[in-house]
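Listed below are the residues making up each chain.
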Amino acid sequence: LWTSANIIEDSIKAIREQVGDDEVLLGLSGGVDSSVVAALLHKAIGDQLTCVFVDNGLLRENEGDQVMAMFAKHMGIRVIRVDAEDRFLNELAGEADPEKKRKIIGRVFVEVFDEESAKLKNVKWLAQGTIYPDVIESAAAKTGKAHVIKTHHNVGGLPEHMKLQLVEPLRELFKDEVRKLGVELGLPSDMVYRHPFPGPGLGVRILGEVKKEFADLLRKADNIFIEELRKHDLYDKTSQAFAVFLPVKSVGVMGDGRRYDYVVSLRAVETIDFMTARWANLPYDFLDLVSRRIINETAGISRVVYDISGKPPATIEWE
Ligand code: XMP
């Protein structure tokens, strides 16, 4: 019988059998899949689990602190937070090509994660939040069937020399099943039902070269948008919503003067499978409110636009 409680019970048994007394390492991103794996493994093997959370400086407002508060403080899980913002930003400096940016972020992530895990001498297993659609997708990629439009670095796999064995307790589950498990394991539902967030984070939402100044502006604008979506009961009616930073300056008036500040685009879509998507028909009054708040509260942004492009041909992300 498929109930979350049964699945959890079976998984716990299987995990204990698989890893015995060994130590297990998990890359925690704060996304649904790795979060559910963390909660599940903690329940199964307690202190044998160590999580590494890499803050790449491309996360949303307060995201790093929230992940630490949730998993380390609240759940008592051992989480090593690696503050790698400078390293990511230095490696990204001067690069404007979207695919190259993705590759840099993916590579640096593996390097940082690798260095941290090398410090944990007794680890024998690497846990991953692989879910069934990832298994299908990477199988398709290997046979060349997948139409790879973008490099999704977070289903890439392990560097060869790490020699860790894999634990993938969600391998047979679909996303909605993973979410139900998360709720059953006590994760807060606003976390479990969060919109997807790409592995490269704000790196693909800052068009062209990534700079800290841009990331800071984008975080503020994005946070206002998401806050208002939640407040107006629209968050769960959209499948994914976020702000995009456009590194162009447009003119605005402030008092007697003209100023040239950056532009932010709001993107909100409705979709079932993320392969095709419609732009969300958000109320004008709502968009008006969000736009005013962003412009008033974010010095450096003087114009807000709304993306009304469907997928295809426009992808959900701008890069
Ligand atoms: P696109 O932009 O291709 O996005 O329409 C479809 C879904 O995939 C997410 N996405 C990514 N996720 N790494 C990820 O983990 C990536 O490089 C990446 N690119 C896009 C996107 O947020 C949307 O949900």
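About the criteria used
Residues numbered from 1 in each chain as written. Predicted model: local features only at pLDDT ≥ 70, side-chain atom pairs only at ≥ 80, totals over all residues. Helix = DSSP H or I, 4+ residues; strand = E, 2+ residues; numbered from the N terminus. Buried ≥ 20, exposed ≤ 12 C-beta atoms within 10 Å, placed from the backbone. Contact = placed C-beta atoms within 7 Å. Pairing = 2+ DSSP bridges. Axes fitted to C-alpha atoms, helices over the stretch in contact; angles between N-to-C directions. UniProt positions renumbered as here; feature names shortened; annotations may be inferred. Left-handed = near helix turned anticlockwise from the far one by under 90°. Nonpolar A, V, L, I, M, F, W, Y, C, P; charged D, E, K, R; others polar. Expected span 1.5 Å × (residues − 1). Arc of directions from axis to C-beta. Domains from an automatic or database assignment. Parallel < 35°, antiparallel > 145°, perpendicular 65-115°, else oblique.

On to the overall build of the protein. The number of helices and strands found in the protein is 10 helices and nine strands. Classification of the 319 residues of the protein by burial places 35% in the buried group. Nonlocal contacts in the protein, meaning residues at least 24 apart in sequence, comprise 75% of its contacts between residues at least 6 apart.

Note: most residues except glycine have negative phi, and most peptide bonds are trans. Between Lys311 and the following residue, Pro312, the backbone shows a cis peptide bond with an omega angle of -5°. For Pro312, the location among the structural elements is in the segment after β9 (301–306). Of note, the phi angle at Asn62 is positive, near 60°, even though the residue is not glycine. Relative to the helices and strands, Asn62 resides in the loop between β2 (49–55) and α3 (63–74). For Phe274, which is not a glycine, the phi torsion comes out positive at approximately 70°. Residue placement: Phe274 occurs in the loop between β7 (257–270) and β8 (278–279). Residue classification places Phe274 among the partly exposed positions, given that 13 C-beta atoms sit within 10 Å.

So, about the sheet that holds strand β3 (residues 78–83). Read from one edge of the open sheet, five strands run β3-β2-β1-β4-β5, paired in parallel fashion. The open sheet has two edge strands with one neighbour each: β3 and β5 (165–167). Looking at each pair of strands side by side, their axes are set apart by 30° on average, direction ignored. Across the face of the sheet, helix α5 (residues 98–118) comes into contact with β1 (23–27), β2, β3 and β4 (123–127) while running at roughly 145° to β2.

On to the UniProt feature "binding site: ATP" (unreviewed entry) in the protein, then. Sites flagged by UniProt as "binding site: ATP" (unreviewed entry) map to Ser29, Gly30, Gly31, Val32, Asp33, Ser34 and Ser35. Within the secondary structure, Ser29 is located in the loop between β1 and α2 (32–45). Looking at Ser29, the number of C-beta atoms within 10 Å reads 23, which means it is buried. You can see Ser35 is positioned in helix α2. Those residues in contact with Ser35, other than ones at most four positions away along the chain, are Gly30, Gly182, Leu187 and Met191.

Moving on: the packing of helix α4 (residues 85–92) against α5. At their nearest, the axes of α4 and α5 sit 10 Å apart, and the two run at 145° to each other. Considering only the axes of α4 and α5, their crossing is right-handed. Residues Arg87, Phe88, Glu91 and Leu92 of α4 pack against Lys101, Ile104, Ile105, Val108 and Val112 of α5. Residues of the contact of α4 with α5, tallied by class, amount to six nonpolar, no polar and three charged.

The next thing to look at is helix α1 (residues 4–19). Helix length check: α1, at 16 residues, gives a terminal C-alpha distance of 22 Å against a target of 22 Å (1.5 Å per residue), a fit within 8%. Restricting attention to buried positions, one finds in α1 the residues Ile7, Ile8, Ser11, Ile15 and Val19. For α1, the buried positions fall inside an angular range of 95° around the axis, keeping them on one side. Across α1 from its buried face, at more than 90 degrees, point the exposed residues Ala5, Asn6, Glu9, Asp10, Lys13 and Glu17. Elements in contact with the buried residues of α1: β1, α2, β4, β5 and α7 (175–184). Looking one or two residues past α1, Gly20 carries a phi angle of roughly 55°, positive in sign.

Another point: the domain arrangement of the protein. Looking at the assigned domains, one finds that the protein contains domain 1 (4–192) and domain 2 (205–306). Contact with domain 1, which involves 10 residues of that partner, is made by nine residues of domain 2.

This brings us to the packing of α1 against α2. Contact geometry of α1 with α2 gives a least axis separation of 9 Å together with a crossing angle of 65°. The angle between α1 and α2 places the two elements in the roughly perpendicular class. Read as a crossing pair, α1 and α2 show a hand that is right-handed. In contact with Ile8, Ser11, Ile12, Ile15, Arg16 and Val19 of α1, α2 contributes Leu40, Leu41, Lys43, Ala44 and Ile45. Across the contact of α1 with α2, the residue classes tally to eight nonpolar, one polar and two charged.

Across a regular strand the side chains alternate sides, sitting on one face of the sheet and then on the other. With 13 bridges joining them, strand β6 (residues 240–254) and β7 adopt antiparallel strand pairing. From the neighbouring strand, Phe245 faces β7, where its bridge partner is Val264. In this antiparallel pair of consecutive strands, β6 and β7, the connection spans two residues, and Gly255 shows a positive phi of 60°. By the bridge criterion, five bridges tie β7 to β9 in an arrangement that is parallel. The partner of Val263 across the bridge, within β9, is Arg303. Two strands pair when backbone bridges link them, and β7 and β8 are joined in this way by two bridges, in the antiparallel orientation. If you follow Val269 over to β8, its bridge partner there is Trp279.

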